Amino acid sequence: MNDKNTAINEDFLKPYSPKDNEEALYKKWEESGYFNPDVCIEKGVTAPDAETFSIVLPPPNVTGVLHMGHAAMLATEDILVRYNRMQGKRTLWIPGTDSAAIATQSKVEGEIYKKEKKTRHDLGREELLRRVGEFAESSKDTIISQTKSMGSSLDWSRYAFTLDEQRYKAVMTAFVKMYEAGLIYRGARIVNWDPNLQTTVSDDEIEHVEQTDPFYYFKYGPFTIGTVRPETKFGDKYVVMHPDDVRYAEYKHGQQIEVEWINGPITATIIKDEAADREVGSGVMTITPWHSAVDFEIAERHGLDKEQVIDERGILLPIAGEFAGQHIKKARPAIVEKMKAQGLVEKIDEKYVHNVSTNSRGSGTIEPQIKEQWFVAVNKAVQFPDGRTMTLKERMRETVEGGEIAIAPERFNKIYYRWIDNLRDWCISRQIWYGHRVPAWFKDGEVKVQIESPGKGWEQDPDTLDTWFSSGLWTFSTLGWPEETDDFKTYHPTSVLETGYDIIFFWVARMILMSTFLIGQVPFKNVYLHGMVRDGKGQKMSKSKGNIINPLDMIEKYGADAIRLSLVVGAAPGNDVPLSEDKIRGYKNFANKLWNISRFVLSNTSDYDGAAKAPLSPRDQEILNQLYSSVAEVENDLKNFRLYLAAEKAYHYVWDELAAKVLEESKPILNGDDAKVKSTRQAVLRECLSVSLKLLHPFMPFVTEAVWQRLPEEMKETEFLMVAKWPAH
RNA sequence: GGGCGAUUAGCUCAGUUGGUUAGAGCAUCUAGCUUACACCUAGAGGGCCGGGGGUUCGAGUCCCUCAUCGCCCACCA
């Protein structure tokens, strides 16, 4: 084919139109198969023994829609992936979606109730699961196609869903293995109970919210005790004070006294425990071990009785006497009235500000309860695959402390350590139905933990596992574990985990825990934490503020390339990213700028004759030097995860150096009479263009590929820019 | 209560290990249809780098301290 002397592609006569290019290009990329590293090897663009680069996509909620947080994540990861692929690495980016068990189930339950006035119990487990599964399946295409619209070069042939068969196998295997090692145990401990969702939730899912309530001072025998929760106090028969509190020296540990209480006289026992703070109130407290984590600990230490006062739905039990059967919210004022009448109320602070535990998913207040659940022991020494014996906590800390895993930005190391230090045993069982069912079987008080039913008469535990239990396996369950697949051997540990800093505890830490114990490898070598996307003024985006910028609208208006750049430039790891429509518009203009640079170069080099070249002038040489030193700088920033600088430098080189200076000064040469000097410069310009396209491709894949597709054949070393070699310098 | 971070141009932020007159985008103002681009070009204005103290030949950059804002964690009944 002879492109010389022919007019350049007439598309260049119009401004660049993302709309006319992006979808078609993505389709072409997908059809080429190059998102799949196996195809890259097959077609010879990647060496079979090349170094690997792998990332797992933090799986979005299967029923979700794309928001700016996703967009930022996709942009960042795709930049890393495309750059490494162009470097010639065997590059794999694995897509997937998450069942988001609680969220999805309650959404479907809500809809069923609205339409059919039926609860999950009316439908039964099987039917509910069928409906939830159906809903998840039918809505997954939305998030998948939206993910594609960002230009994400994910290998869809390896798509994984947290509840598919392969992942099921991995989760079951992990559970059994951890149980056999003594890491998973069943026990009656205090847990966070969500009375609305009727399930336990983990410590990390708790959000402390400030609330103002009356604070009551009650007369408890000779003591004064304080509380915001009179409704829990019925069974309080232990009174706790600090062993060194001189005010109460006359009372001895274990001493019993008679006190007048809500429903009549009771026998109270004095407990001396250092948990009682002398500075707080009277320094004396009564405890409710069944409904308070601190109280539970005290009771455990001294072997005290524990009694349930409130049931799973927030209703008072018979211990509450005349108040039994009432909901705690309604009962509270009535209880206080009664106590007033008994002369038990000493004082009331009407406006006491304190924190209450709520479910971070927004379902409401958490009620601590003692329940028999499955836990992961974090302080128990167990044997790791490398033969060493240590606790999960120790191993988790060591991965970062010893440099096996590097977190960017570094300051999150401390936050990570702090979390580990405060970590308590992880409650992993949930009382919902949508999820991986606990592989435990009961019969006549006996328990067996195994994947298949032990036989007739054995009932499987109805509970399912915390969604983060399966998410913790994600780096290797997506690669085929527990089978020793080629993928697993090739791509694990993964190179980078890129995710929001808000999820470091839920996910990052859990992945490290699971991976180090189960397979003896860290799940990833680097952690890159991106910030939260905020509006142009740095405010959180929220519906109520009306400042949400929808990525899909922005793609429609300005193109995915513009969104990608606007989400990366200025987004240092760990820092929140302010995003305004102005910023996006600015980068859309840049895409068009690149389009016009290409048009200029192509139209002015269409008569290029390679044979007529002169040696490079000093200025020609300088232009190329600048080009390649920009490449080197961008590369250096990319290697060190400074994407925000890399993107900015690439942008500046192309606009302020190439367009503003090189192109301008080339005009007289291109119009000049010296044919040799002219074709030398033409060669230089072509080189600048093709290298610039490569330089920008990771950041703005669509417009760069769109130009590449319109280059004359002799300028393209590969069919797709996506798999062109990153420029050497 | 504990910890972390921020404070630089009107706004949002860079400024990588301390080194010449402190940068960008947007916004503002001025001038331009110069045959790549008005989604553009040329230019301008605008900053005691939060306050105070210290280390240094030299600090936006390191140390101390104060102030304000933000975030995370936490079992004060």
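Residues numbered from 1 in each chain as written. Chains lettered and ligands numbered in written order. Predicted model: local features only at pLDDT ≥ 70, side-chain atom pairs only at ≥ 80, totals over all residues. Heavy atoms only, no water.

Peer 1: Got a minute to help me understand the overall build of chain A in this structure?
Peer 2: The helix and strand tally for chain A stands at 22 helices and 28 strands. The principal-axis extent of the C-alpha atoms belonging to chain A is close to 110 × 60 × 55 Å. When the 729 residues of chain A are sorted by exposure, 55% land in the buried category. When the accessible surface of chain A is split by element, carbon and sulfur atoms take 49% of a total near 30900 Å². Here chain A contributes 91 positive and 108 negative side-chain charges, whose respective centroids are spaced 2 Å apart. (Helix = DSSP H or I, 4+ residues; strand = E, 2+ residues; numbered from the N terminus. Buried < 20%, exposed > 50% of the residue type's maximum accessible area, 1.4 Å probe, protein only. Areas by Shrake-Rupley, 256 points an atom, 1.4 Å probe, with all protein chains shown as cover. Lys, Arg positive; Asp, Glu negative; His and termini not counted. Charge placed at Lys NZ, Arg CZ, Asp CG, Glu CD.)

Peer 1: I would appreciate a short explanation of the confidence of the model for chain A in the present structure.
Peer 2: Averaged over all residues, the pLDDT of chain A is 92; the fraction at 70 or higher stands at 99%. Scored below 50 in pLDDT, residues 1-6 shows nine contacts in the model against residues more than four places distant or in partner chains. The ipTM value of the predicted complex is 0.91, and its pTM value is 0.93. (pLDDT = per-residue confidence, 0-100. Contact = heavy atoms within 4.5 Å.)

Peer 1: Any chance you could explain the nonpolar core here in plain terms?
Peer 2: Note that soluble globular proteins tend to have their nonpolar side chains buried in a common cluster. Grouped together as the largest cluster of nonpolar side chains are 99 residues, with contacts concentrated most on Met 68, Leu 638 and Phe 699. Looking at this core element by element, the count peaks at twelve residues for helix H20 (residues 643-671). Beyond its immediate stretch of four places on either side in the chain, Phe 699 contacts Ile 79, Asp 561, Arg 564, Leu 565, Val 634, Leu 638, Leu 643, Ala 646, Ala 647 and Ala 650. By size, the runner-up hydrophobic cluster in this structure holds 62 residues, among which are Leu 92, Ala 170, Trp 419 and Trp 507. (Core = buried A, V, L, I, M, F, W, Y, C linked by side-chain atoms within 4.5 Å.)

Peer 1: Looking at this model, I keep getting lost on the side chain of Ser 202. Mind explaining?
Peer 2: Within the element layout of this structure, Ser 202 appears in the loop between strand E6 (199-201) and strand E7 (206-220). Owing to a relative accessible area of 2%, Ser 202 belongs among the buried residues under this scheme. Apart from the residues within four sequence positions on either side, Ser 202 is in contact with Asn 192, Trp 426, Cys 427, Arg 430, Asp 466 and Arg 510.

Peer 1: Can you help me understand the sheet that holds E6 in this one?
Peer 2: Strands belonging to one sheet form pairs held by backbone hydrogen bonds; the direction of such a pair is parallel or antiparallel. Spatially, four strands are ordered E6-E5-E15-E19 in an open sheet, and the strand pairing comes out antiparallel. If you trace the sheet from one side to the other, it starts and ends with E6 and strand E19 (426-427), each paired once. Taken together, the ten bridges between strand E5 (residues 184-194) and strand E15 (residues 367-376) define a ladder with antiparallel strand orientation. Looking across to E15, one finds that Ile 190 is bridged to Ile 370. (Pairing = 2+ DSSP bridges.)

Peer 1: Explain the pairing of strand E8 (residues 223-227) to me, please; I cannot follow it from the model alone.
Peer 2: Regular strands place their side chains on alternate faces of the sheet. The alternating pattern of E8 places Phe 223, Ile 225 and Thr 227 on a buried face, while none of Thr 224 and Gly 226, on the opposite face, is buried. Inspection of the sheet shows E7 paired to E8 by five bridges, in the antiparallel sense. What sits directly across from Tyr 216, in E8, is Thr 227. From the end of E7 to the start of E8, which pair antiparallel, there are two residues, and Gly 221 there has a positive phi angle of about 60 degrees.

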